[in-house]
Amino acid sequence: MTPTATVKFRLYIAGEALNSAHALANLQALCQAHWPGRHEIDVVDVFRHPERALADGIFMTPTLLKLSPAPLCKVVGTLSEAATVLRAVNFASSAPADPARS
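Only a predicted model underlies this, so the values are computations on that prediction, with no experimental measurement involved.

A. Geometry of the packing of aromatic side chains. Counted under the stated rule, the structure contains one aromatic pair. Judged by centre distance (5.8 Å) and plane angle (50°), the ring pair of Phe9 and Trp35 falls under tilted. Note that Phe9 is positioned in strand 1 (residues 7-13) and Trp35 in the loop between helix 1 (18-34) and strand 2 (39-45), a separation of 26 residues in sequence.

Here it is, written out as structure tokens:
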């Protein structure tokens, strides 16, 4: 990924469910830490737009799709483990060292 490339995400949530709120907050924090000013987050509430969820094959919430840069990636859950999320979306080199695992 080039240093100026925009990282695009789509987060599927279920209304105001606590897990959905946690996932959005965690994603926003992750984006601010790793791609400040170079990220886009599209939030889709499956209660309001179930057709979008079905079109993307989303059957659980919260679910994060990394749309770009390629490849497409899907992560399910609250996104609370930043290093794990970064590895899953192919940005392992961006992940800070986890002192608990040293």
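B. Inspection of the environment of Gly37 at higher detail. Its location among the elements puts Gly37 in the loop between helix 1 and strand 2. Overall, Gly37 belongs to the exposed group, its relative accessible area being 75%.

C. Highlighting the confidence of the model for the protein chain. Scored by pLDDT, the protein chain comes out at a mean of 87, with 85% of its residues at no less than 70. Across residues 93-102 the pLDDT falls below 50, and counting only partners more than four positions away or on other chains, this stretch makes eight contacts in the model.

D. Focus on helix 1. Between its terminal C-alpha atoms helix 1 stretches 24 Å, which fits the 24 Å expected from 17 residues at 1.5 Å a residue. Three or more residues of helix 1 are buried, namely Ser20, Ala23, Leu27, Leu30, Cys31 and His34. Mapping the buried residues of helix 1 onto a view down its axis gives an arc of 95°, with all of them on the same face. Projecting away from the buried face of helix 1 at angles above 90 degrees are the exposed residues Leu18 and Ala33. Buried-residue contacts for helix 1 involve strand 1, strand 2, strand 3 (63-68) and helix 3 (82-88).

E. Spatial organisation of the environment of Asp45. Inspection of the secondary structure assignment puts Asp45 in strand 2. Residue classification places Asp45 among the buried positions, given a relative accessible area of 14%. Note: C-alpha distance between Asp45 and Glu16 (29 residues apart in sequence) is 8.9 Å. For Asp45, the residues in contact, after removing those within four places along its chain, are Ile13, Ala14 and Gly15. Among the polar contacts listed, one links the side chain of Asp45 to the backbone nitrogen of Gly15, at a separation of 3.0 Å.

Rules behind the numbers
- Residues numbered from 1 in each chain as written.
- Predicted model: local features only at pLDDT ≥ 70, side-chain atom pairs only at ≥ 80, totals over all residues.
- Heavy atoms only, no water.
- Phe/Tyr/Trp six-rings, centres within 6.5 Å; stacked < 30°, edge-to-face > 60°.
- Helix = DSSP H or I, 4+ residues; strand = E, 2+ residues; numbered from the N terminus.
- Buried < 20%, exposed > 50% of the residue type's maximum accessible area, 1.4 Å probe, protein only.
- pLDDT = per-residue confidence, 0-100.
- Contact = heavy atoms within 4.5 Å.
- Expected span 1.5 Å × (residues − 1).
- Arc of directions from axis to C-beta.
- Polar contact = N/O pair within 3.5 Å; in protein donor to acceptor, adjacent residues only side chain to side chain.

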